[in-house]
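As a plain string of letters, each chain reads:
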Amino acid sequence: MERKTIAVVDDQPFICDLVKKLLGSDYEVHTFMNGKSMVDFAANKQIDLFLLDYDMPEMTGYEVLLALRTGKHNAKTPAIFLTAETNERMKKEMLGRGANDYLNKPINSTELRQCVKKYLSSVGG
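Residues numbered from 1 in each chain as written. Predicted model: local features only at pLDDT ≥ 70, side-chain atom pairs only at ≥ 80, totals over all residues. Heavy atoms only, no water.

A. Focus on the packing of helix 1 (residues 13-23) against helix 5 (residues 109-121). Their axes nearest at 11 Å, the elements helix 1 and helix 5 cross at an angle of 65°. The pairing of helix 1 with helix 5 is recorded here as roughly perpendicular in orientation. Crossing hand, helix 1 versus helix 5: right-handed. Every residue of helix 5 that contacts helix 1 at Val19, Leu22 and Leu23 is listed here: Ser109, Leu112, Arg113 and Val116. Looking at the contact of helix 1 with helix 5, its residues break down into five nonpolar, one polar and one charged. (Axes fitted to C-alpha atoms, helices over the stretch in contact; angles between N-to-C directions. Helix = DSSP H or I, 4+ residues; strand = E, 2+ residues; numbered from the N terminus. Parallel < 35°, antiparallel > 145°, perpendicular 65-115°, else oblique. Left-handed = near helix turned anticlockwise from the far one by under 90°. Contact = heavy atoms within 4.5 Å. Nonpolar A, V, L, I, M, F, W, Y, C, P; charged D, E, K, R; others polar.)

Right under this line is the structure:
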């Protein structure tokens, strides 16, 4: 069976490395340091799950999500925001803007694995 593909964008290299380390043995994980490179990568291929940092320079996680949602391949792909934001207003805003879920930083490895598994099982895996 083909491994599910996860695309991760975060402007902090250690977050990308951590996610790849935590999920790379079970999934094909592609990491990006900025939103534009992720959007370009995903433009012509089907991704199974997106993990998006919310607060990044140049292109926010929300702007990345909008760009992904308008593409032909990933309009319905689950997206999970990774954020240091902990206030309820911000969480509601993320969900209201099309995110399927969000996880707080610092990343809890068990929580990350459970959340990823939940959304990937809903897309046939």
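Let us keep going from here.
B. Fine view of the nonpolar core. Formed by 22 residues in total, the largest nonpolar core has its most connected members in Met38, Phe50, Leu52, Val64, Leu68 and Phe81. Put simply, the parts of the chain that give this core at least two residues each are strand 1 (5-9), helix 2 (35-42), strand 3 (49-53), helix 3 (61-70), strand 4 (79-83) and helix 4 (88-96). Top contributing element to this core by residue count: helix 2, with four residues. Apart from the residues within four sequence positions on either side, Leu52 is in contact with Val9, Met38, Gly61, Val64, Leu65, Leu68, Ala79, Ile80, Phe81 and Leu82. Counting 19 residues, the second largest nonpolar core, distinct from the first, contains Tyr27, Ile80, Leu82 and Tyr119. (Core = buried A, V, L, I, M, F, W, Y, C linked by side-chain atoms within 4.5 Å. Buried < 20%, exposed > 50% of the residue type's maximum accessible area, 1.4 Å probe, protein only.)

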